[in-house]
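# Close look at the chain arrangement
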Amino acid sequence: MSDARTRQDPFQDALDARATRADAIAPLRERAAEAYRDAGLPTRRVERWKFTDLKGLAKLGFAPAAETPAPDALPETVADVEAVRLTLVNGRVAPGLSDLDRLPKGVTVRRLADVLEARDGSSDEAGEGASARLSVDAGFTDAPMAALNTAFVEDGWLIDIADGAMVDAPLHLVFLSANDTGNDTGNDAGNDAAGSAVASYPRLSLHVGRDAHVTIVESHVGQGGGPTFADGVSEIALERGAVLRHPVMQNEEAGAYHVHSTALTIAEGARYDGFVLQLGAALARREVRAELTGPKAEAHVNGAYLGDGARVVDNTLFVDHAAPETVSRETFKGVLDGTSRGVFQAKTLVRPIAQKTDGQQLHKALLLADGAEVDAKPELEIYADDVACSHGATSGDLDRDQLFYLRARGIPEKRARAMLIEAFMIDSLNAIGHEGAREAFREALAARLNRMEGIVG
Amino acid sequence: MALLEIKDLHAEVDGTEILKGIDLTVNAGEVHAIMGPNGSGKSTLSYTLAGRDGYEATKGSVSYDGKDLLDMAPDERACEGLFLAFQYPVELPGVGGTTFLKTALNAKRRYHGEEELDAMAFVKTLREKAKALGMPDEMLKRPVNVGFSGGEKKRNETLQMAVLEPRLAILDETDSGLDIDALKIVSEGVNKLRDPNRAFVVITHYQRLLDYIVPDHVHVLSRGRIVKSGTKELAKELEANGYADYVDAA
């Protein structure tokens, strides 16, 4: 490894410096560390990272991942949804901010840290080992960031929804990136770390049993104002006939780097109903990989995002139709202002066996400023001959006739623009199947639009 | 003092002069009809007064309530009491009718330093006014003008006017695309708003609307100028003889 490379990649250093952990996934960690070392921090030369550059990460110094005391309260950016809350602060379970004592019937929640401590890795009280639930890279290829999570993961959630469970109360997973560098209270040991980023590696493993129905809302938020880097991985399996509603909001602070890889396997007749609302972070990349493994499985991966300033917002999707009569829907809408950039990479693979596949990809962007940019790359790769697949991408500015109509009714330009942007986004929120989450996301979007600067192009 | 005083107004669209010296004075309480053939500049006049981008006044002046109208942004004009009922009302997918009107009314109140309206009180007033125009509550919840018929859109324009209570309303071809029943409903809505403190400029191609909204003054617009002014009898004469005389004269 050359010195130059070491300087550009703080994670290589961290891997070299880390203490060997003899926990349940020690061999997995080693393989993950190797996978990361082989690939390194992705650069734009890698096709899948062509539009999103992580080199800003390399410039950040990283504080050693010290235990962060959980805050007393969560920030207002968390989705305001009535739910059973489970909170990770910098990748570690915060029991005080989690409703572990009022889990709905049919829902089993385990702390990953507890399971990791069961050193043999073969079994824990539920009879299932962590190594069976976690993988090196969650099935992603060329996925150094997912591998990095596996190398460093300390805690997270293992959630099981029992076969046939109809869970009414939604679960709300809160992922908080906290870095209180601006408010250092004489912590002498960590003083030279002031201004460096706090890295966290949150992990979720979720099994939704046969014919079970559940709603899991996620809020990814920040607190403290210091730079953070959250590198999350979610591995989600839907058994036959299961239904998972999964509205996810990324509303991190302006100095946050947010990378999250979600891997889904969806069995026969199961339906994944996901939505990703991205409102925050300096750079956010959310990657979803969905495998439709059984006939009539459905993946709905919809979303909306908003960029201003110099933010980069990336949604990268891969749907693998590996069984007949499977359905995928990917509709994303983005609003970009300032010199922000939106990335939409979506690839749909239809294998020869996947006859009668119904797959649609659509990306629509509103570009509010000359400096804003969108890179949309919808892709279909079809090896079956009896399919209905489509893709499309559009981009443009606000409609001038609509803007004039609002102003002709007395609404000032800034407010009129905000209304039209909200209207553009709002119908995409209708794809969120859970009313409480839909309403909460709508409020978060409106609040974010009100804070948006330079909305008057 | 006249509410609206237009003097020698010239206006261009895409570098082409459409208005070539309009003079018009409208006093509070009056209803003026502006009639003219297609291409005479009727819509250009309404858009220039409302402040639409691309409709550029190049000469002359427009004084509204003693203020320079052309110097104001479109939303300021609206807050000052100018209302344009659109010939083709714009569809606003994703913007609910009630939210739209509440935002508009509150923008106006804020402009005048008044407190914003209580949401409950607003909805109650809105429903009453909508009912009078034969608009069901359900229509108020729907996105503005989306999927509305021509008649429903014009009723919606009239509702907005009733809520915003303008001092000067410009009705741009409000009769276009309306059947006789819708025309009656819309006209009734307009007539209810007639008031000594309020003026209307009714722009139309046909005399028919003026049977229901009876004007005090009628002007003939041709090739960017007002070529004749008279009473409501002038409209009847136009209906009988057409615009040919005026087009030739201009």
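Placed above this text is the structure.
The structure reproduced in this document is the subject of the present report.

Definitions and limits used
Residues numbered from 1 in each chain as written. Chains lettered and ligands numbered in written order. Predicted model: local features only at pLDDT ≥ 70, side-chain atom pairs only at ≥ 80, totals over all residues. Heavy atoms only, no water. Pairing = 2+ DSSP bridges. Helix = DSSP H or I, 4+ residues; strand = E, 2+ residues; numbered from the N terminus. Contact = heavy atoms within 4.5 Å. Axes fitted to C-alpha atoms, helices over the stretch in contact; angles between N-to-C directions. Buried area = accessible area lost by both parts, 1.4 Å probe. Salt bridge = Lys/Arg side-chain N within 4 Å of Asp/Glu carboxyl O. Polar contact = N/O pair within 3.5 Å; in protein donor to acceptor, adjacent residues only side chain to side chain. Nonpolar A, V, L, I, M, F, W, Y, C, P; charged D, E, K, R; others polar. Buried < 20%, exposed > 50% of the residue type's maximum accessible area, 1.4 Å probe, protein only. Parallel < 35°, antiparallel > 145°, perpendicular 65-115°, else oblique. Left-handed = near helix turned anticlockwise from the far one by under 90°.

What follows concerns the sheet that holds strand β19 (residues 358-367) of chain A. Residues and elements named next belong to chain A. With mixed pairing, 10 strands are arranged side by side in an open sheet as β3-β2-β6-β9-β11-β13-β15-β17-β19-β21. Edge positions in the sheet fall to β3 (92-93) and β21 (388-396), since each has one partner strand and no second. Where strand β9 (residues 213-223) lies against strand β11 (residues 243-251), seven bridges are found, and the strand directions are parallel. The residue of β11 that forms the bridge with E218 is V248. Strands in contact with helix α9 (residues 413-429) are β13 (271-278), β15 (298-307), β17 (327-336) and β19; relative to β17, the strand with the most contacts, it is inclined by about 165°. Relative to the sheet, helix α10 (residues 435-451) contacts β9, β11, β13 and β15, its axis offset from that of β11 by approximately 15°.

Taken together, the 30 residues of chain B in the interface contact 18 residues of chain A. Between chain B and chain A, roughly 1,900 Å² of surface is buried when both sides are summed, and carbon and sulfur atoms account for 67% of that area. Scanning the region where chain B abuts chain A turns up four salt bridges. Put simply, R52(B) and D401(A) hold a salt bridge, and the shortest N to O gap is 2.4 Å. The interface formed by chain B and chain A includes 10 residue pairs in polar contact (both at pLDDT 80 or more). For the side of chain B that touches chain A, the secondary-structure elements that each account for two or more residues are α1 (42-50), α2 (74-79), β6 (82-85), β7 (92-96), α3 (97-111) and α6 (150-164) of chain B. Among the residues forming the side of chain B that touches chain A, the class breakdown is 20 nonpolar, five polar and five charged.

All names here are of chain B. Within the fold, T44 resides in helix α1. In this structure T44 comes out as buried when scored by relative accessible area, which is 10%. Apart from the residues within four sequence positions on either side, T44 is in contact with V13, I18, L19 and Y55.

Here we take up the packing of α9(A) against α10(A). All names here are of chain A. One can describe the packing of α9 onto α10 by two numbers: an axis separation of 11 Å at closest approach and a directional angle of 155°. Taken together, α9 and α10 sit at an angle that is classed as roughly antiparallel. In terms of crossing hand, the pair formed by α9 and α10 is right-handed. The residues of α10 that touch α9, namely those facing A418, I421, E422, M425, I426 and L429, are R438, F441, R442, L445, A446 and L449. For the contact of α9 with α10, the per-class residue count stands at nine nonpolar, no polar and three charged.

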